[in-house]
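Analysis of the macromolecular model
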Amino acid sequence: QVQLVESGGGLVQAGGSLRLSCAASGRTSSRYAMGWFRQAPGKEREFVAGISWSGSTYYADSVKGRFIISRDNAKNTVYLQMNSLKPEDTAVYLCAAGYTLASGSRLSQMPTYDYWGQGTQVTVSS
């Protein structure tokens, strides 16, 4: 029903920036909550940032002050601006969408989301 495609990943030096995009298609709605998760080799998938249908945001402590999530409903796209990147940010980043009014800490919970993208690799060199 909803398809998500991430882009913008790549290789960057520590301290640099990247902007990830996630384009949604299909039966999209402004009522969708959107989130970004990441998974590094040998580690569990972890929450990074989320944005509610109304635009409120929520971040993992590890990225607060460095990452910014935003959405452009007219373009059916959610973004993750990543600044001051660190080697520990290296991971596959996945976007997710859920037809929900969830906000705040609910955005950090995987069951909130119904659809997932394929992921894009972000590698930060030291």
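Notes on the structure in this doc start here.

Conventions adopted
Residues numbered from 1 in each chain as written. Predicted model: local features only at pLDDT ≥ 70, side-chain atom pairs only at ≥ 80, totals over all residues. Heavy atoms only, no water. Pairing = 2+ DSSP bridges. Helix = DSSP H or I, 4+ residues; strand = E, 2+ residues; numbered from the N terminus. Axes fitted to C-alpha atoms, helices over the stretch in contact; angles between N-to-C directions. Buried < 20%, exposed > 50% of the residue type's maximum accessible area, 1.4 Å probe, protein only. Salt bridge = Lys/Arg side-chain N within 4 Å of Asp/Glu carboxyl O.

**Thoughts on the sheet that holds strand 1 (residues 2-7)**
The antiparallel open sheet is built from 4 strands, whose spatial order is 1-3-8-7. Each end of this open sheet is capped by a strand with a single partner; those strands are strand 1 and strand 7 (67-72). Strand-to-strand twist in this sheet, taken as the mean axis angle between neighbours without regard to direction, amounts to 15°. Of the strand pairs in this sheet, strand 7 and strand 8 (residues 77-82) are connected by 6 bridges, and their pairing is antiparallel. From the neighbouring strand, Asp72 faces strand 8, where its bridge partner is Thr77.

**Description of the pairing of strand 9 (residues 91-99)**
With 7 of 9 residues buried, strand 9 is to be regarded as a mostly interior element. In this structure, strand 4 (residues 32-39) lies alongside strand 9, joined through 8 bridges in antiparallel fashion. Counted as the bridge partner of Phe37 is Leu94 from strand 9. Here strand 9 pairs with strand 11 (residues 120-125) via 3 bridges, running antiparallel. When the sheet's bridge partners are listed, Ala91 is paired in strand 11 with Val122.

**Thoughts on the pattern of salt bridges**
The full count for this structure, using the stated rule, is 4 salt bridges. The salt bridge partner of Lys64 is Asp61, with a shortest N-O separation of 3.1 Å. With relative accessibility at 64%, the residue Asp61 sits in the exposed group. Taking the shortest distance from any N to any O, the salt bridge between Arg66 and Asp89 comes out at 2.8 Å.

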